[in-house]
Amino acid sequence: MGVKSKGAFQRLKKLIKRHKVTCIALHEPFVDKTKLNHYRSKLGFPNAIANSNGKIWIFWDNDYTCNVISNKKQQITMEVNHSMMQIPFWITIVYAKTNTRRRKNLWKSINNTSNHINGPWSIEGDFNVIMDANEKKGGRIHRLSKIMDFIKCMKDCDMADAGYTVATVTHLPRTWSDHSVLLYQYTKSDPPLIKYFRFLNFWLDQPDFDHVVKDCWETQVQGNVMYTLRQKLKKLTHCLGKWSKESIDNVFDKVEEREKKVKDLEIKYEQDDCASNRINLYLAYAQQIKWMNMQDSILRQKANIKWEEESDSNSKYFHSVIRQKRKRSFLHIIKNEHGQWIQGNEKIVECAISHFNNLFSQTYQNNDMDFLKRIDSTITWEDNLALLQLPSDFQ
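Residues numbered from 1 in each chain as written. Predicted model: local features only at pLDDT ≥ 70, side-chain atom pairs only at ≥ 80, totals over all residues. Heavy atoms only, no water.

### Some words on the environment of Asp-156
Move 1: Here Asp-156 is to be found in helix H4 (residues 148–156).
Move 2: Residue class for Asp-156 comes out partly exposed when judged on its relative accessible area of 40%.
Move 3: Note: C-alpha distance between Asp-156 and Ser-114 (42 residues apart in sequence) is 8.9 Å. (Helix = DSSP H or I, 4+ residues; strand = E, 2+ residues; numbered from the N terminus. Buried < 20%, exposed > 50% of the residue type's maximum accessible area, 1.4 Å probe, protein only.)

Here you go:
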């Protein structure tokens, strides 16, 4: 996909934003590679590299650390380390020649590169050749002689077709390109995350919030004071979650819907500037601002940041803070009781369960507690009894 034309470049930016792309490879950008950093900056990526003849451009964010181990005219291979992975992997991006004879250099360079790789390896791109006759539609009759070098190279490198189990591959429309854009989304083996209740601050500004809380809290519950409080809080979280889903739904989707509606009304008002169209447009502006304020409130709350003025909001900064918090709270690797490092969600869970099972199943040992007598007592016996008492209905 080229970036020379304005239309192609704008579409590329939209695709990156829409699909939250963290790494992208371009074939034949139709721009001299001396302008690589210029386009890197405009696309919002901190890192970029081009292969030796500038036919392959690669951009990636700071979650990756990439080291080039082979840079040729038809391929570029990098060793990649990701911030959430302890094991490196290798990736080769290919843009092969259309001529069979000239592709021989590509297969040779890939074979040589394989000698320097000792881990997971993925080869992706445009090979300009197929592995099987069933992959071809129309055109001239397929000749087996054209693919033998390709098959031999993949076999020598111990490569296998990953299919669609390791990654989800989506063929995007060919707008502004003569090739389909391929979107790779690598599947995760992690179990789905459990979504716990989270109170959203902007709920307080909703007109029916007080009514929902009051109706829920007045529900009669039998039991002592602490049990009643626990059950009412549990029911309140359920009621607020249901109310938010039914009356508010996904705020971020609503913002996009309102933006689209405003654009349609602006076009309609430009075609006919009557009073009714003007009123509808201004009402749409008000609704859009309302939903955008809700969105900013959620982002500020997730980032745990308070601003003195509403004008200080910066969605891009909010998202960067949120990503960093998620990385810090994620367990990538732990050390077990034998001093060995454990990696992978399932293994970490097993290690944690084993640790606490051993901890809580240990036989009781009567330790000498005489040293506690050396600590000065600052709480009287009466104070201790008062602290042990259950709170009254008034409290």
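More follows now that the structure is in view.
### Comments concerning a nonpolar patch on the surface
Move 1: On the surface, a cluster of nonpolar side chains totalling about 480 Å² of accessible area is made up of Trp-217, Met-226, Leu-229, Leu-233 and Leu-390.
Move 2: Note on placement: Met-226 falls in helix H6 (residues 225–247).
Move 3: For Met-226, a relative accessible area of 42% translates into the label partly exposed. (Patch = residues over 30% accessible without salt bridge, like charges linked within 9 Å, V, L, I, M, F, W, Y side chains within 5 Å. Areas by Shrake-Rupley, 256 points an atom, 1.4 Å probe, with all protein chains shown as cover. Salt bridge = Lys/Arg side-chain N within 4 Å of Asp/Glu carboxyl O.)

### Thoughts on the sheet that holds strand E4 (residues 64–71)
The strands that make up a sheet pair up through hydrogen bonds in the backbone, lying either parallel or antiparallel.
Move 1: Taken in spatial order, the four strands line up as E4-E5-E6-E7 in an open sheet, and their pairing is mixed. On the outer flanks of this sheet lie E4 and strand E7 (121–126), each paired with one strand and no other. Pairwise comparison of adjacent strand axes, ignoring direction, gives a mean angle of 25° for this sheet.
Move 2: Of the strand pairs in this sheet, strand E6 (residues 89–95) and E7 are connected by six bridges, and their pairing is parallel. Residue pairing in the sheet places Thr-92 in a bridge with Ile-123 of E7.
Move 3: Along the sheet, helix H3 (residues 100–114) makes contact with E4, strand E5 (75–82), E6 and E7, crossing E5 at roughly 30°. (Pairing = 2+ DSSP bridges. Axes fitted to C-alpha atoms, helices over the stretch in contact; angles between N-to-C directions. Contact = heavy atoms within 4.5 Å.)

### Considering the packing of helix H1 (residues 6–19) against helix H2 (residues 36–43)
Move 1: It is the contact of H1 with H2, at a shortest axis distance of 11 Å, that shows an interaxial angle of 50°. Classified by the angle between their axes, H1 and H2 sit oblique to one another. Touching Phe-9, Leu-12, Lys-13 and Ile-16 of H1 are Tyr-39, Lys-42 and Leu-43, all from H2.
Move 2: Counted by class, the contact of H1 with H2 contains five nonpolar, no polar and two charged residues. (Parallel < 35°, antiparallel > 145°, perpendicular 65-115°, else oblique. Nonpolar A, V, L, I, M, F, W, Y, C, P; charged D, E, K, R; others polar.)

### Some remarks on the confidence of the model for the chain
Move 1: Taken as a whole, the chain shows an average pLDDT of 82; of its residues, 82% reach a score of 70 or greater.
Move 2: Of the regions scoring below 50 in pLDDT, residues 308–313 engages in five contacts with residues more than four places distant in sequence or in other chains. (pLDDT = per-residue confidence, 0-100.)

### A word on the packing of aromatic side chains
Move 1: All told, the structure shown has eleven aromatic pairs when counted by the stated rule.
Move 2: Taken together, a centroid distance of 5.8 Å and an interplanar angle of 75° make the contact between Trp-203 and Trp-243 edge-to-face. Here Trp-203 is found in the loop between strand E9 (181–186) and helix H5 (209–217), whereas its partner Trp-243 is found in helix H6, with 40 residues between them in sequence.
Move 3: Trp-203 sits in the buried class, given a relative accessible area of 3%.
Move 4: Overall, the relative accessible area of 9% leaves Trp-243 in the buried class.
Move 5: The structure contains a cluster of three or more aromatic residues connected by ring pairs, namely Phe-9, Tyr-39, Phe-45, Trp-57 and Phe-59. (Phe/Tyr/Trp six-rings, centres within 6.5 Å; stacked < 30°, edge-to-face > 60°.)

### Let's talk about the packing of H5 against H6
Move 1: At a closest axis distance of 9 Å, the pairing of H5 and H6 adopts a crossing angle of 145°. Read as a crossing pair, H5 and H6 show a hand that is right-handed. Where H5 approaches H6, its residues Phe-209, Val-212, Val-213, Cys-216 and Trp-217 are matched on the opposing element by Leu-229, Lys-232, Leu-233, Lys-235, Leu-236, Cys-239, Leu-240 and Trp-243.
Move 2: Here the contact of H5 with H6 is built from residues that sort into eleven nonpolar, no polar and two charged. (Left-handed = near helix turned anticlockwise from the far one by under 90°.)

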